[in-house]
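# Secondary and tertiary structure notes
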There are 4 protein chains.
Amino acid sequence: MDKNKKNGSYALRRTVVWGDCDPAGIIYTPRVFDYATETLEAFFRDVLGVNWADLNWKLHLGSPTVSAQCEFLKPMKPDLVIDVSVAVEKIGNSSVIFVMDGRDEAGAHYFRATYVTCFIARPDFKSTPIPDSFREKMIAYQGVGGGV
Amino acid sequence: MDKNKKNGSYALRRTVVWGDCDPAGIIYTPRVFDYATETLEAFFRDVLGVNWADLNWKLHLGSPTVSAQCEFLKPMKPDLVIDVSVAVEKIGNSSVIFVMDGRDEAGAHYFRATYVTCFIARPDFKSTPIPDSFREKMIAYQGVGGGV
Amino acid sequence: MDKNKKNGSYALRRTVVWGDCDPAGIIYTPRVFDYATETLEAFFRDVLGVNWADLNWKLHLGSPTVSAQCEFLKPMKPDLVIDVSVAVEKIGNSSVIFVMDGRDEAGAHYFRATYVTCFIARPDFKSTPIPDSFREKMIAYQGVGGGV
Amino acid sequence: MDKNKKNGSYALRRTVVWGDCDPAGIIYTPRVFDYATETLEAFFRDVLGVNWADLNWKLHLGSPTVSAQCEFLKPMKPDLVIDVSVAVEKIGNSSVIFVMDGRDEAGAHYFRATYVTCFIARPDFKSTPIPDSFREKMIAYQGVGGGV
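The sections below set out a description of the structure shown in this document. (Residues numbered from 1 in each chain as written. Chains lettered and ligands numbered in written order. Predicted model: local features only at pLDDT ≥ 70, side-chain atom pairs only at ≥ 80, totals over all residues. Heavy atoms only, no water.)

## Let's talk about the relation of the copies chain B and chain A
It takes a turn of 180° to lay chain B on chain A, together with a shift of 0.0 Å along the axis; the resulting RMSD is 0.0 Å. The superposition operator between the copies reduces to a two-fold rotation axis. Nearest to the rotation axis, the C-alpha of Gln69(B) is located 2.0 Å from it, this being the minimum over chain B. Residue by residue, 100% of the interface of chain B is reproduced at the interface of chain A, so both copies engage with the same surface. (Least-squares fit on C-alpha atoms with pLDDT ≥ 70 in both. Contact = heavy atoms within 4.5 Å.)

## Side note on unusual backbone geometry
Omega for the peptide link from Arg122(A) to Pro123(A) comes to 0°, which places this bond in the cis form. Even without glycine at this site, Phe125(B) takes up a positive phi of about 60°. As for its position among the elements, Phe125(B) is in the loop between β7 (120-121) and β8 (126-127). With relative accessibility at 33%, the residue Phe125(B) sits in the partly exposed group. Here the phi dihedral of His60(C) falls at roughly 55°; this positive angle occurs in a residue that is not glycine. Note that His60(C) resides in the loop between α2 (52-57) and β2 (61-62). (Helix = DSSP H or I, 4+ residues; strand = E, 2+ residues; numbered from the N terminus. Buried < 20%, exposed > 50% of the residue type's maximum accessible area, 1.4 Å probe, protein only.)

## Focus on the interface of chain D and chain B
Between chain D and chain B, the residue contacts involve 9 residues of the former and 9 residues of the latter. Note on chain D versus chain B: buried area summed over both sides is about 820 Å², and carbon and sulfur give 69% of it. One can count 0 salt bridges joining chain D with chain B. In this structure, the connection of chain D to chain B is made through 2 residue pairs in polar contact (both at pLDDT 80 or more). Tallied by class, residues from the side of chain D that touches chain B come to 6 nonpolar, 2 polar and 1 charged. (Buried area = accessible area lost by both parts, 1.4 Å probe. Salt bridge = Lys/Arg side-chain N within 4 Å of Asp/Glu carboxyl O. Polar contact = N/O pair within 3.5 Å; in protein donor to acceptor, adjacent residues only side chain to side chain. Nonpolar A, V, L, I, M, F, W, Y, C, P; charged D, E, K, R; others polar.)

## Points about the sheet that holds strand β2 (residues 61-62) of chain D
All names here are of chain D. The 3 strands are arranged β2-β7-β8 in an open sheet whose pairing can be described as antiparallel. Of all the strands in the sheet, just β2 and β8 (126-127) have a single pairing partner and so form its edges. Pairing geometry for β2 and strand β7 (residues 120-121), over 2 bridges, is antiparallel. Bridging across to β7, Gly-62 finds its partner in Ile-120. (Pairing = 2+ DSSP bridges.)

## Quick look at the sheet that holds strand β2 (residues 61-62) of chain A
All names here are of chain A. Ordered by their spatial adjacency, 3 strands build an open sheet running β2-β7-β8, and the pairing between neighbours is antiparallel. Strands with a single pairing partner mark the edges of an open sheet, and in this sheet they are β2 and β8 (126-127). Of the pairings in the sheet, the one linking strand β7 (residues 120-121) to β8 comprises 2 bridges and is antiparallel in character. The residue of β8 that forms the bridge with Ile-120 is Ser-127.

## Digging into the nonpolar core
In this structure, Phe43(C) and Phe43(D) are the most contacted members of the largest nonpolar core, which totals 89 residues. If near-sequence neighbours (up to four positions away) are discounted, Phe43(C) is found in contact with Tyr10(C), Leu48(C), Val86(C), Val88(C), Phe98(C) and Tyr141(C). Core analysis: the next-biggest nonpolar cluster, separate from the first, contains 88 residues, Leu48(A), Leu55(A), Tyr35(B) and Phe43(B) among them. (Core = buried A, V, L, I, M, F, W, Y, C linked by side-chain atoms within 4.5 Å.)

## Overview of helix α1 (residues 29-48) of chain A
All names here are of chain A. With 20 residues, α1 ought to run about 28 Å at 1.5 Å a step, and its terminal C-alpha atoms sit 28 Å apart, in line with that. Most of α1 sits out of view: 18 of its 20 residues are buried. Positive backbone phi, approximately 80°, marks Gly-49, located one or two places after α1. (Expected span 1.5 Å × (residues − 1).)

## What to know about the packing of aromatic side chains
Overall, the coordinates contain 34 aromatic pairs over all chains when judged by the stated rule. Their ring planes at 65° and their centres at 6.1 Å tell us that Tyr10(A) and Phe43(A) sit as a pair that is edge-to-face. Of this pair, Tyr10(A) sits in the segment before β1 (11-15) while Phe43(A) sits in helix α1, and the two are 33 residues apart along the sequence. The same class applies to Tyr10(A) as to Phe43(A), namely buried. Where Phe43(A) meets Phe98(A), the ring centres are 5.8 Å apart and the plane angle is 70°; that geometry is what we call edge-to-face. Remark: Phe98(A) occurs in strand β5 (residues 95-103) and Phe43(A) occurs in helix α1; sequence separation between them is 55 residues. Owing to a relative accessible area of 0%, Phe43(A) belongs among the buried residues under this scheme. Grouped by ring-pair contacts, the aromatic residues Tyr10(A), Phe43(A), Phe44(A), Trp52(A), Phe98(A), Phe119(A), Phe134(A), Tyr141(A) and Trp18(D) constitute a single cluster. (Phe/Tyr/Trp six-rings, centres within 6.5 Å; stacked < 30°, edge-to-face > 60°.)

Here it is as structure tokens:
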């Protein structure tokens, strides 16, 4: 990842594993959401600077998913190496729309997942404004190419 | 399941297991798609009369997911018993829109997942018209309350 | 489940789902441990009378796995219906050996999983004697056929 | 990985993800078998020179797990970075014993998984002698430190 690169966005590389695929030989639908969610978790850690353990237990916040959607553009098979990128599409008061795209090295587009994530405060789980430090980092990230 | 019941729809009951939930104590986002997909698999077997193994290896068809979406309406915790129902929202030429809702016995609504599923023919994976027998069963199912 | 039946043991029925199987068409190795663990969770709830949420947050205990082993006796394929039974093999001071067997209705034996589970006390996670009420229930369970 | 390094063994680095952990905050037992199996898959690809898709569909072989065992030595939490190494413990006629160890960078030992893997020939799934090329590569691997 090169956060400072113009037109660059954060991405996590992974290989489609055998066990993520079903007897039809292609990825099992729910596993793509594992890919998207794990990439979003890494984005929080590497770009926003907070891992989900600290977000929950030190900051007493949470970021549950309000809605998750995925378009399956090309079937994925075992051994495929894909880069799952994160874009910050929209920053609201307490919610953010993230877009995770899966592409191979040649640029072929395999899936696009869109998550609406809401920040909540513990212990009552009510929605809370996005902390300023996260907001600033996301705006900066959009500025260096991390938007949609 | 009572396929013949007026205003009734097919549903699969399940208990949220400990391992489906994350350290925040609520269900991990991707696991809800496991619930939705497993229920759709059971619907194919129990209502359309074909399991996915036979669909693939005997009929040389497949039913990949084109898009999957889920709205998370209420957090789900371990031991929650939910009924995941299937509704046939729209029947196209080769694709179907299925809606899977998760509710507890009191009727509280936990999630709504919407899948666009496309019928394809093997080995070239091109889209193919929905077989008549499946179409008829889905129309009949809508007629007894299995629509949205 | 019929806890009172002589020579009977607790079992959880499940259907092997499409997504638990890999491109070779048989169950993916790690998924069998999901089956075993989920059955053990249900055994705690239904036979020992405590779900894992209460075990952790009300009793301030835990039951982590010290070791887990499985012998794969017959390949499992999608749509197979198996009953996963629980036997209490040995009750120690703070640990228990559980054996989970997967069999179909005809009695064919698909897997045998053996778990060593240790009771620990929160928050320091040190091993602690098995609570008397659990010990008594497990001894009674062995008495009605729930041993190995 | 440096296959040529004396006393070196193949290892795959991974970060424990949020969704691999359960409400007790530590890794859910079955997920460790995902780690071990995925590392073994990578070992086949990177050290034996065959991915599981080619093993199955081009060589008409398979490598099902006969037994799998894991000792949980230290609890794993989200964000932990572990290297999962592969050792070839014993090479039989048609079966191999692999040992996968999970350690962090400081050398702390989190788990040891032992798999007995059997080579089978398709389509009848009968055990078959380990192909010579694989046997030679595993012996060479043991010679450069990849034994137990």
